[in-house]
Amino acid sequence: MTNCAAAQRGNDRSAKTEFSKRELRQLAEAQAALNAENFPAAKAAFSSLLTQHPGEWEIYFLRSETFRALGEYAKAEKDIENGIRLATDKVSAVAYRKLGEAASLAGNFPGAVTAFENYLASLNPGTRQERRQRAEDLLNRAKTAADLAANPVPFSAERLSDSINTDAHLEYFPTLSLDGQRMVFTRRIKGGSEDFYFSERKEDGSWDTARPLPGINTEYDEGAQSMTADGKYLVYTVCNRPEGAGSCDLYFSEKLGMEWSPARSIGAAVNTQYYEAQPSISPDGRLLFFSSNRPGGKGNNDLYATARRADGSWSSPVNLGPNINSADRESYPFWAADGKTLFFTSNGHPGLGGEDLFRVVLGADNVWGTPKNLGYPINTAANETNLFIPLNGDIAYFSKREVNVGTGSFDVDIFSFALPPDLRPEPATYVAATIVDAATGTPLRADVRLRPTDQATAPVVRNSDDDGTFLAVLPAGKDYAFTVDLEGYLFYSDRFSLAEGFTPDEPYRLEIRLQPLTTALAEGGEEDDGSTAFRN
C-alpha cells in the first residue's frame, strides 16, 4: 500500500481490509498532500481512512508524520505506538527510532529511552557499525534527557508584547542597551529579507512599537547583531552579498554622531570563503566570539574568538578548543558582561535533543571549565538558541519557534524569563565618566586604567571620546582603583566602590577634573625640601 519506512516492505496483506476505489483515491490524495507538505489536508484524509479502517497500521505511521509536522508530538507518538502494536512482527527498526524522536519531542523522555532501547535491539546483526553507533548515541542522549527532565529548573517564559512580536513576521536575536531601555532585534519579513528593528521602553516599562533601525538596513539580509557598551560599534551577520567572502560574513558599522557609517567587512583575518556568523562582542569592543564552519575545527560548526587591535583591525581567530567545541555543531555564543561566562548553543554536548543552551566559565588560569546544560524546561527536545542576558544577570531573553497546530505554519517570537540563580553570570554595572580640564571645563581625550583593588590583574584600559566621556562595564560588588593620564596634565588617581548601591539603572557616575601642569606649578608652592607640591 505504501513505502512507509516504518514498515517492512513486501509484507503479507491478507490480514488487511479491502479498500474501495474511492478510498484508494482518497489514500493517493492523502499521500500526495503529505508529499506536498499540506499537512492539515493529509491529516484529515488519513483520519477519515482510519475511521473506516482502524486496523490499517501503515496509515497510523503516515498520519504520525502529519502530527509531527504540525507540532502535535504526543499524537504522533500515540499513532506510532498504534502502528507498532497492530503491525507486530512487520515493523522495521525505523519505527522505534521515530517513536523515540516523537516521545522526546512530546516530553516523554522515559518513553524515548524505551523506544531507543528497542531500536538498538531490533537492528540486524549485519547493521553497519556507523548506524549501530548512532543508535547507541540516541539511547545515551535519551537517558541524559530523562535525567535532566527528572530534575527541572525554575522556568516561566513570557512572550514580549505585540509592540515587538508580530504574527506576520519572525522576531529573534534580541540585544539590550546598557540601561535596558532600548532593544535591537532581527526581524525577518515573511517572504522578504532580514532587517534590524529597535524599540524603546516607555515610562510605564512597556515597549513602544518597533521600527526599522535607521542607516543600517539594505536590500540584503542583516541579522544576528551584537553591540558594544557605548552603543557605537555594531557587528552583525550579512549573507549573500556580492562582495562577500563566503556564504555569510561578519560586517560592522560605527555610529558617528547620530548616523551609522556604511557597513564594512570585519576583515579577511575573520571572514573566509566559508561561513562566519552570530557574533558576540565584549562590552569594551576588544573581544569577539562567533561561529564558523571553516576547516580545521572540531565539528560542523565551531566557536572562535578574535581580538581587536589598536588600529581597529581584528586578529586571526582562535578556536575555543575541545572543552567547548564538539564533533557536532556549536553556535550562538553570548559573552556575558562579567567577562568570564560564555553561553552558547550546541547539539554535541549532552542535552535534551536538538540544540540546547549551555553555560561555561573561563577560569582565572584562562582555561575553560566544563559546559553546563541550562536544564529542563529551559531546554527541550526542540532547538533553543540566541540567548541575551543584560548587565544585572537575572533576566534572560531568547527567541522561540512555535508551530500553529492548525495550519502547520510557524512563528518565531522573543521571550524573557528569570534565569535561575545558579545559572546567572556575576552581575555587572557600568561606570559613566567625563574627563574635563579643571580650569576651563573643556572635554579631554585621555587614557584611563581601571582594576579591582583585590586582584593583581592587568588593568582595563579605556580612552575617553572627543567629548571627554567613557563607559566601562565592570563586575559589581568590588572596589576599583583607577588612573587617568594625559600629557600636559597632572597624573590623576583615585578609588571607587561598586560593592553596593549601584545597578544598571543607576550606574556609577563621576566627573574627573584634570589639573593643567601650568596651573599646578603656579598653585603648588614649595615643600620643605624645595620640591614642588602637586595636588589634584
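Treat the numbers as computed from the prediction; the structure is a model and nothing was measured.

**Brief notes about the overall build of the protein**
Item 1. In terms of regular secondary structure, the protein is built from eight helices and 28 strands.
Item 2. Based on the C-alpha atoms only, the size of the protein along its principal axes is roughly 115 × 45 × 45 Å.
Item 3. In the protein, buried positions account for 48% of the 536 residues.
Item 4. Put simply, of all contacts in the protein between residues at least 6 apart along the chain, 50% involve residues at least 24 apart.
Item 5. In the protein, 54 positive and 74 negative side-chain charges are present, and the distance between their average locations comes to 9 Å.

**Brief notes about the nonpolar core**
Item 1. In terms of nonpolar packing, the biggest core is built from 29 residues, with Phe 61, Ile 80, Ile 84, Val 91, Phe 109, Phe 116 and Tyr 119 touching the most fellow members.
Item 2. Those residues in contact with Phe 109, other than ones at most four positions away along the chain, are Ala 103, Ser 104, Ala 142, Ala 145, Ala 146, Ala 149, Leu 352, Tyr 376 and Ala 381.
Item 3. Judged by nonpolar contacts, the second largest core, of 25 residues, contains Trp 207, Leu 387, Phe 415 and Phe 417.

**Looking at the state of the cysteines**
Formally, a disulfide is one covalent bond, and it connects the sulfur atom of one cysteine to the sulfur atom of another.
Item 1. Taken as a whole, this structure holds one disulfide when the rule is applied.
Item 2. A sulfur-sulfur distance of 2.0 Å marks the disulfide that ties Cys 239 to Cys 248. Residues Cys 239 and Cys 248 share a disulfide whose torsion about the S-S bond is about 100°; that sign makes it right-handed. Each member of the pair, Cys 239 together with Cys 248, is buried.

**Points about unusual backbone geometry**
It is generally the case that most residues other than glycine have a negative phi and that most peptide bonds are trans.
Item 1. Put simply, Tyr 376 and Pro 377 share a cis peptide bond, and its omega is 5°.
Item 2. Note that Pro 377 resides in the loop between β18 (372–373) and β19 (385–388).
Item 3. With phi around 55°, Phe 173 is a residue other than glycine that occupies positive phi space.
Item 4. Residue classification places Phe 173 among the buried positions, given a relative accessible area of 9%.

**Points about helix α1 (residues 21–35)**
Item 1. With 15 residues, α1 should cover 21 Å at 1.5 Å per step; its first-to-last C-alpha distance of 21 Å lies within 8% of that length.
Item 2. Among all positions in α1, only Glu 23, Gln 26, Leu 27, Ala 30, Ala 33 and Leu 34 are buried. Viewed along the axis of α1, the buried residues span an arc of 125°, placing them on a single side of the element. Along α1, the residues that are exposed and aim more than 90 degrees away from the buried face are Lys 21, Arg 25, Glu 29 and Asn 35.
Item 3. For α1, the secondary structure elements touched by its buried residues are α2 (39–52) and α3 (57–69).
Item 4. Of the residues one or two after α1, Glu 37 is the one with positive phi, at around 65°.

**Focus on the sheet that holds strand β12 (residues 287–292)**
Item 1. The strand order β11-β12-β13-β14 describes an open sheet built from four strands, whose pairing is antiparallel. Edge positions in the open sheet fall to β11 (276–281) and β14 (318–319), since each of these has one partner strand only.
Item 2. The pairing of β11 with β12 spans four bridges and is antiparallel. Residue Ile 281 lies in a different strand from β12, and its bridge partner there is Leu 288.

**Examining the packing of aromatic side chains**
Item 1. For the structure shown, the criterion picks out 19 aromatic pairs.
Item 2. Pairwise contacts between aromatic rings join Tyr 480, Phe 482, Tyr 492, Phe 496 and Tyr 508 into one cluster.
Item 3. Directly above the aromatic system of Tyr 197 lies the positively charged group of Arg 187, at a separation of 4.4 Å from the ring centroid.
Item 4. Sitting over the ring of Phe 415, Lys 400 keeps its end group 5.7 Å from the ring centre.

**Side note on the packing of α3 against helix α4 (residues 73–87)**
Item 1. Direction vectors running N to C along α3 and α4 enclose 165°, while the axes themselves pass 8 Å from each other. Considering the angle they form, α3 stands roughly antiparallel to α4. Two packed elements cross with a definite hand, and for α3 against α4 that hand is left-handed. Residue-level contacts link Trp 57, Tyr 60, Phe 61, Arg 63, Ser 64, Phe 67 and Arg 68 of α3 to Tyr 73, Lys 75, Ala 76, Asp 79, Ile 80, Asn 82, Gly 83, Ile 84, Leu 86 and Ala 87 of α4.
Item 2. A class-by-class count of the residues in the contact of α3 with α4 yields 10 nonpolar, three polar and four charged.

**Here's the deal with the confidence of the model for the protein**
Should the pLDDT be low somewhere, the predicted coordinates at that spot are not to be read in detail.
Item 1. Of all residues in the protein, 91% have pLDDT values of 70 or greater, and the mean over the chain is 87.
Item 2. Summarising per-element confidence for the protein, the mean pLDDT is lowest in helix α8 (residues 517–524) (65) and highest in β12 (97).
Item 3. In the predicted structure, residues 7–15 sits below a pLDDT of 50 and forms 12 contacts with residues beyond four places in sequence or in another chain.
Item 4. Note that pLDDT drops below 50 for residues 525–536; the model gives that stretch 19 contacts with residues more than four away or on any other chain.

**Some thoughts on the pattern of salt bridges**
Item 1. Following the criterion strictly, the structure yields 25 salt bridges and no others.
Item 2. Here Glu 65 makes a salt bridge to Lys 98, at a shortest N to O gap of 3.2 Å. Of this pair, Glu 65 sits in helix α3 while Lys 98 is found in helix α5 (residues 93–105), placing the two residues 33 residues apart along the sequence.
Item 3. The salt bridge involving Arg 187 is made with Glu 171; its shortest N-O contact spans 2.9 Å. Of this pair, Arg 187 sits in strand β3 (residues 182–188) while Glu 171 sits in strand β2 (residues 170–176), and the two are 16 residues apart along the sequence.
Item 4. Here Arg 187 falls in the buried class, since its relative accessible area comes to 7%.
Item 5. A relative accessible area of 0% means that Glu 171 is categorised as buried.
Item 6. Where salt bridges share partners, they join Arg 182, Glu 200, Asp 208 and Arg 211 into one cluster.

Thresholds applied
Residues numbered from 1 in each chain as written. Predicted model: local features only at pLDDT ≥ 70, side-chain atom pairs only at ≥ 80, totals over all residues. Heavy atoms only, no water. Helix = DSSP H or I, 4+ residues; strand = E, 2+ residues; numbered from the N terminus. Buried < 20%, exposed > 50% of the residue type's maximum accessible area, 1.4 Å probe, protein only. Contact = heavy atoms within 4.5 Å. Lys, Arg positive; Asp, Glu negative; His and termini not counted. Charge placed at Lys NZ, Arg CZ, Asp CG, Glu CD. Core = buried A, V, L, I, M, F, W, Y, C linked by side-chain atoms within 4.5 Å. Disulfide = S-S within 2.5 Å. Expected span 1.5 Å × (residues − 1). Arc of directions from axis to C-beta. Pairing = 2+ DSSP bridges. Phe/Tyr/Trp six-rings, centres within 6.5 Å; stacked < 30°, edge-to-face > 60°. Lys NZ or Arg CZ within 6 Å of the ring centre and 35° of its normal. Axes fitted to C-alpha atoms, helices over the stretch in contact; angles between N-to-C directions. Parallel < 35°, antiparallel > 145°, perpendicular 65-115°, else oblique. Left-handed = near helix turned anticlockwise from the far one by under 90°. Nonpolar A, V, L, I, M, F, W, Y, C, P; charged D, E, K, R; others polar. pLDDT = per-residue confidence, 0-100. Salt bridge = Lys/Arg side-chain N within 4 Å of Asp/Glu carboxyl O.

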